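Here is how the chains run, residue by residue.
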Amino acid sequence: MSALFIFGGTVIDPEKELSFRGDVLVSGGRIAAVGTAGGVACPGDAQRIDASGCMVCPGFIDPHSHIDGHMRTGELSLLQGITTSVGGNCGFSPLDIGRFLGEQRAFPIHQAELIGMCALRRAAGVIDPFQPANAAQAAQMARLCREAMEAGAAGVSLGPAYTPGASIEEMTTLCDIACEYGRPAAIDTRMNSMTDLHSLQEAIDLASVSGCRMIVSHFVYQYGVGVEDAALAMIDQARAAGIDMYFDSGMYKDWCSTIGSALFEPTIMRDNGIELHHLRVITGPHIGCVPDQALYEHLRAAHPHDAVVVNTGDEEAVYTIARHPLAMSSTDAGAYAPGEGHPQIAGNFPRYLRRMVCERRELTWEQAVWHITLLPALVFGFAKKGRMRTGCDADLVVFDPDTLHDTADFPGLGSPDSAPKGIRYVIVGGKVAAAMSRPTGILRGKALRLPVSSKSARTGVTPLREAR
């Protein structure tokens, strides 16, 4: 049985920003037909899905994750409606992108992968995060970056937050290469101070000088501390000046990372107003603990790879940022053991739709779906994804708008990997990969290699209509 017939639901078309009661026919991994209710013929042998009372839309695209082939995290993403993720963010990625993509078979969702600056620096021998690359090291980074692009990398990720010593020159070179191949650069901006905007200006300058499409990573974590309005104004001004800027941002104000990283160096914590009572351990033997000085020092020395969540920021900033026309919602999901991690790994996208549309009415259903499907597809150049159109990839979500909500919470307060409610079906590659909040065991996710044919000269601002 190769055909799938989804009938009786409200179809959301993000390209036209409209919705209608209709039917969808899937065949051979593609959308074969979309039409108003009763207007699409159902083959006699098709698997039928009754979508009455539900919405049917393209699968969600997560522009910022750290899944990087981790099966369980891919499954958690699937259960919240994600059908495609972009990994390798914040400068961290596999070095051999070709090998990584070649090994990604039988996975829950599709994966694209950025080549990370931190991985390039390490491969070039730049071990100290507080030191810049020298000329020879920068040249080696550029060579390896080109190899990754030729192997199908989706772009470059810059991680100056984790490598404070990274120079403008080495980052500009990587952005130049991304631009040459017509692919974006994503940047986890520096953490100079709690209310710093110089780091955002650095990202804008990198995009301006190189001509690349720039994505500012997890915007609320960087600037949702009372400077979000000023930061968004800077993005708007850059766009008005012809600089190709976007950003991703999640639905939580509390960010997380590993305790041994440069982010938790005492000086950086002090400059960013992070105090020990803001921290909660979310992995390892001390999970759920709020560290005192002794535990902080112990974790840094003996458990540097354990993660902590930072409870700072302004809750209202989450929504101010998420409703902006250039915002793409993202999970920042990473690989965690069962019962560990940040609730974004399981709940971000249902939380986004529930809060932005149902509870706060910040966006319409059509606008919200546009932000989490077509917008990231356009930004990354996924030509057959994020669209409800004949011939496009049959990656779809069927969800109940009345019952849709997230159930995950932080360790010590709840279960961070609790599956959301209301996601009825998730279809990946034309097959039902999840049904009623449970995976079916069908693994149709593919590695997404960006074609080398996309290589182009600097193209300037992408011809993308802004969301209304």
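Refer to the preceding data block for the structure.
**Student:** Before we go on, may I ask you to explain the packing of helix α11 (residues 315-322) against helix α12 (residues 344-359) in this structure?
**Tutor:** A packed helix pair is summarised by two numbers, namely the angle formed by the two axes and the spacing between the axes. For the pair α11 and α12, the least separation of the axes is 11 Å and the interaxial angle reads 90 degrees. Taken together, the axes of α11 and α12 lie roughly perpendicular to each other. Residues E315, Y319 and A322 of α11 touch α12, and the partners they reach there are R351, Y352, R355 and M356. Per-class residue counts for the contact of α11 with α12 are 4 nonpolar, no polar and 3 charged.

**Student:** How do you make sense of the pattern of salt bridges when you look at a structure like this?
**Tutor:** Counted according to the given criterion, the structure contains 23 salt bridges. When the shortest N-O distance is used, the salt bridge between E265 and R300 registers 3.0 Å. Placement of the pair is E265 in the loop between β14 (255-258) and α9 (266-271) and R300 in helix α10 (residues 293-302), with a sequence separation of 35 residues. For the salt bridge of E315 with R355, the shortest nitrogen-to-oxygen distance reads 3.4 Å. Separated by 40 residues along the polypeptide, E315 in helix α11 and R355 in helix α12 bring together distant segments of the chain.

**Student:** Help me understand the packing of helix α6 (residues 198-210) against helix α8 (residues 228-240) in this model?
**Tutor:** Packing of α6 against α8 leaves a shortest axis separation of 10 Å and a crossing angle of 15 degrees. Here α6 lies roughly parallel to α8, going by the angle between them. α6 and α8 meet at a crossing whose hand is right-handed. Where α6 abuts α8, its residues L200, Q201 and I204 lie against A231, M234, I235 and A238. For the contact of α6 with α8, the residue count by class is 6 nonpolar, 1 polar and no charged.

**Student:** How should the packing of aromatic side chains be read in this particular structure?
**Tutor:** Note on aromatic pairs: each is described by the distance of the centres and the angle between the planes. Evaluation of the coordinates by the stated rule reveals 9 aromatic pairs. On the numbers, 5.6 Å between centres and 10 degrees between planes, the contact of F60 with F349 is stacked. Taken together, the residues F60 in strand β6 (residues 60-62) and F349 in helix α12 connect sequence positions 289 residues apart. Taken as a pair, F60 and F349 share a single burial class, namely buried. Among the aromatic residues, those joined into a cluster by ring pairs are F219, Y223 and F247. When the ring centre of Y246 is taken as reference, the NZ or CZ atom of R239 above it lies at 4.8 Å.

Conventions we followed
Residues take numbers from 1 onward in each chain, read along the sequence in its written order. Local features in this predicted model are restricted to residues whose pLDDT is 70 or higher, and side-chain atom pairs enter the listing and the counts only when it is 80 or higher, whereas totals over whole chains, interfaces and linings include all residues. Side-chain numbers come from the whole structure's heavy atoms, not from hydrogens or water. Fitting a line to C-alpha atoms yields each axis, with helices limited to the stretch in contact; the angle taken between N-to-C directions then spans 0 to 180 degrees. By the criteria applied, helices consist of DSSP H or I runs no shorter than four residues and strands consist of E runs no shorter than two, each listed in order from the N terminus. The labels follow the angle: roughly parallel below 35 degrees, roughly antiparallel above 145, roughly perpendicular from 65 to 115, and oblique for the rest. It only takes one pair of heavy atoms within 4.5 Å for two residues to be counted as in contact. Residue classes follow a fixed rule: Ala, Val, Leu, Ile, Met, Phe, Trp, Tyr, Cys and Pro count as nonpolar, while Asp, Glu, Lys and Arg count as charged, and any other residue, Gly among them, counts as polar. We define a salt bridge as a side-chain nitrogen of Lys or Arg found within 4 Å of a carboxyl oxygen belonging to Asp or Glu. Note on convention: near helix rotated counterclockwise from far helix by under a right angle means a left-handed crossing. Clockwise means right-handed. Note on ring pairs: Phe, Tyr and Trp rings are taken, using the six-membered ring of Trp, and paired if centres are within 6.5 Å. Classes follow the plane angle, with under 30 degrees stacked, over 60 edge-to-face and the rest tilted. Throughout, exposure labels follow a simple rule: accessible area from a 1.4 Å probe, protein chains only, divided by the maximum for the residue type, with under 20% read as buried, over 50% as exposed, and the rest as partly exposed. For a lysine, the NZ atom is tested; for an arginine, the CZ atom; a charge sits over a ring if that atom is within 6 Å of the ring centre and within 35 degrees of the ring normal.

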